[in-house]
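The lines below spell out each chain.
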Amino acid sequence: MLTPRQELLLAKVIDGFSATGQPVASKALASDPDVPAGPSTVRNELAVLEEQGLLAHPHTSAGRVPTDSGYRYYVDRLLPAPAEQRAALALTLSRREVDEAMRLTTEALSQVTDLLAIVSAPPIHTTTIRHVEVLLLQPQVLMVVIITSTGGVSKRLFTYERPVDPGLADWAASYLNEALVGKGLGARTLRSRLTDPTLPSTERAFLEGLAPAFTELAETAEESLYVDGTARLLSEHRFQDVSQLNALLDMLERRVTLLGVLSAALDQRELYVRIGAENDAPALQGLSLVAANYGLPRRNLGTVSVIGPTRMDYAVAIGAVRAAAGQLSRFVEDVYSD
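Within each chain, residue numbers correspond to sequence positions counted from 1 in written order. Owing to the predicted nature of the model, reporting of local features is limited to residues with pLDDT of at least 70; listing and counting of side-chain atom pairs is limited to 80 or more, with chain, interface and lining totals taken over all residues. Each side-chain value is derived from all of the structure's non-hydrogen atoms; neither hydrogens nor water enter the calculation.

*Asks:* It is not clear to me how helix α11 (residues 256-266) should be interpreted in this structure. Could you clarify?
*Replies:* Each full turn of the α-helix corresponds to 3.6 residues, which orients residues three or four apart in the same direction. Categorising residues by exposure relies on relative accessible area from a 1.4 Å probe, with only protein chains included: less than 20% of the type maximum marks a residue as buried, more than 50% marks it as exposed, and the intermediate range marks it as partly exposed. The helix count covers DSSP runs of H or I at least four residues long, the strand count covers runs of E at least two residues long, and both are numbered beginning at the N terminus. Listing the buried residues of α11 in full gives Leu 258, Val 261, Leu 262 and Ala 265. Axial view of α11: buried residues confined to an arc of 90°, hence all on one face. Throughout, the arc means the angular range of directions from the helix axis out to the C-beta atoms.

*Asks:* Honestly, the packing of helix α6 (residues 166-180) against helix α8 (residues 201-210) in this entry has me stumped. Any pointers?
*Replies:* How two helices sit against one another is set out by the angle between their axes and by the gap between those axes. Put simply, α6 and α8 touch, their axes get as near as 11 Å, and they point 70° apart. The pairing of α6 with α8 is recorded here as roughly perpendicular in orientation. Residues Leu 168, Ala 169, Trp 171, Ala 172, Tyr 175 and Leu 176 of α6 form the contact with α8, whose participating residues are Thr 202, Glu 203, Phe 206, Leu 207 and Leu 210. Class assignment of the residues belonging to the contact of α6 with α8 gives a composition of nine nonpolar, one polar and one charged. A fitted line through C-alpha atoms serves as each axis, taken over the contacting stretch for helices, and the angle formed by two N-to-C directions is quoted from 0 to 180°. In this scheme, roughly parallel covers angles under 35 degrees and roughly antiparallel covers those over 145, while 65 to 115 is roughly perpendicular and the rest are oblique. Residue contacts follow a heavy-atom distance rule, with two residues in contact if any of their heavy atoms lie within 4.5 Å. When residues are grouped by polarity, Ala, Val, Leu, Ile, Met, Phe, Trp, Tyr, Cys and Pro land in nonpolar, Asp, Glu, Lys and Arg in charged, and all others, Gly among them, in polar.

*Asks:* It is not clear to me how the pairing of strand β3 (residues 116-120) should be interpreted in this structure. Could you clarify?
*Replies:* The side chains of a regular strand alternate between the sheet's two faces. β3 sits mainly inside the fold: five of its five residues count as buried. Residues of β3 alternate between two faces, with Leu 116, Ile 118 and Ser 120 on one and Ala 117 and Val 119 on the opposite face, all of them buried. One ladder, built from four bridges, connects β3 with strand β10 (residues 299-309); its direction is antiparallel. Its bridge partner being in β10, Leu 116 is matched across the sheet by Ile 307. Where β3 lies against strand β7 (residues 225-228), four bridges are found, and the strand directions are antiparallel. Paired with Ala 117 across the bridge in β7 is Asp 228. The criterion for strand pairing is that DSSP finds at least two bridges linking the strands in question.

*Asks:* Any chance you could explain the packing of helix α1 (residues 4-20) against helix α4 (residues 68-78) here in plain terms?
*Replies:* Interhelical geometry of α1 versus α4 gives an angle of 115° and a closest axis separation of 10 Å. Between α1 and α4, the angle is such that the two are roughly perpendicular. The crossing of α1 and α4 is left-handed. Between α1, through Glu 7, Leu 10, Ala 11, Ile 14, Asp 15 and Phe 17, and α4, the contact on the second element is made entirely by Gly 70, Tyr 71, Tyr 73, Tyr 74 and Leu 78. Within the contact of α1 with α4, the residues separate by chemical class into eight nonpolar, one polar and two charged. Left-handed is the label given to a crossing in which the near helix is rotated counterclockwise from the far helix by less than a right angle, and right-handed is the label when the rotation is clockwise.

*Asks:* How should I be thinking about the sheet that holds β7 in this particular structure?
*Replies:* Two pairing modes exist for strands in a sheet, parallel and antiparallel, and in both the strands are linked by backbone hydrogen bonds. In space, the five strands of this open sheet follow the order β7-β3-β10-β9-β8, with antiparallel pairing throughout. Edge positions in the open sheet fall to β7 and β8 (272-275), since each of these has one partner strand only. With strand direction ignored, the average angle separating the axes of adjacent strands in the sheet is 15°. With 10 bridges connecting them, strand β9 (residues 287-296) and β10 associate as antiparallel partners.

*Asks:* Mind showing me how you'd approach the nonpolar core here?
*Replies:* The tendency in soluble globular proteins is for nonpolar side chains to be buried side by side. Only buried Ala, Val, Leu, Ile, Met, Phe, Trp, Tyr and Cys residues count toward a nonpolar core, and they belong to the same one when joined by side-chain atoms within 4.5 Å. Tyr 294 and Val 304 are the most contacted members of the largest nonpolar core, which has 54 residues in total. The element best represented in this core is helix α12 (residues 314-337), accounting for 12 residues. Ranked by size, the runner-up nonpolar core spans 26 residues in total, among them Phe 158, Leu 180, Leu 190 and Phe 214.

*Asks:* I'm lost on the sheet that holds strand β4 (residues 129-138) in this one. Help?
*Replies:* Strand order across the open sheet formed by three strands is β4-β5-β6, with antiparallel pairing between neighbours. The outermost strands of the open sheet, each flanked by one partner alone, are β4 and β6 (153-159). The sheet shows a mean angle of 15° between the axes of neighbouring strands, direction not considered. Note: strand β5 (residues 141-148) against β6, seven bridges, orientation antiparallel. Looking across to β6, one finds that Leu 142 is bridged to Phe 158.

*Asks:* Help me understand the environment of Gly 38 in this model?
*Replies:* Tracing the backbone shows Gly 38 in the loop between α2 (26-30) and α3 (39-51). Residue classification places Gly 38 among the partly exposed positions, given a relative accessible area of 29%. For the pair Gly 38 and Ser 26, spaced 12 residues apart in sequence, the C-alpha separation works out to 9.6 Å.

*Asks:* Which parts of the structure should I look at to understand the side chain of Thr 310?
*Replies:* Here Thr 310 lies in the loop between β10 and α12. Take Thr 310: its relative accessible area is 16%, and that puts it in the buried class. Leave out the neighbours within four places in its chain, and Thr 310 touches Asp 68, Tyr 71, Ile 275, Gly 276, Gly 286, Leu 287 and Ser 288.

That is the geometry; function is a separate question.
This is the structure:
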């Protein structure tokens, strides 16, 4: 444990380094009206913080910079309580489709924090069928429209050699709504309902022809990531290590690795913060990740996160991530309860 004065000096170094990107000198700290200590006392306290691994001394004549451990102490012990955090998001998500809500949340989160923002969409196996339409566009052209619980719309055209019986198309719409609404896209029961052996041969054959509209939707769906703010990491004053930047951009491009990183946050009940070397992924070991999950009361569906330099403003990042996760949770509760 640090003394109150040591905690104050650690916070001052972190705030100063976050604002300027430059090491913070003991002379500047001693002249700060909030620091009730002279230059020699400040130097001694900084030396203690450095011995404890919370600060580093890049050059002989330079000031101090925080280490990953220093940031960890700051995040765990010195940040203000949630009610005092400054960040807030003003999003209007009601009556929007889930993908639009994810996109808006990502954009707003990046703007509020000035960091790279990433939101993972609910996994496909949580999506259910809400409504099915079977529309006869032309005598030999039929369209199947599937509306999912997340508000997504899928359309599939089918062309036949002979005109389709309108009565058969109407029957298919009624049957599919009765049999499939509420069923998950990946559920085995979905496929069995489309190949029900108790149906008359004509109806069964017709449904089997429409089956790809449902089965291929589940097979080709991928977990989606919404990313905004990549350009913010390209400015030299925020990201000086070009090799580290290239590794992060490669991770963003491949997505699979990033989904694995975020899956760890999905298992957490509380806020997930990883600073510098605490990150397992090499591409993130010079950065910090702040994430929180969102979803239903008994089931997490996705994550809201920001990535940026270790000298990010943690109060703003944590407050914004919490706010975004809370709003998305309320939004998906409404969507999934419809």
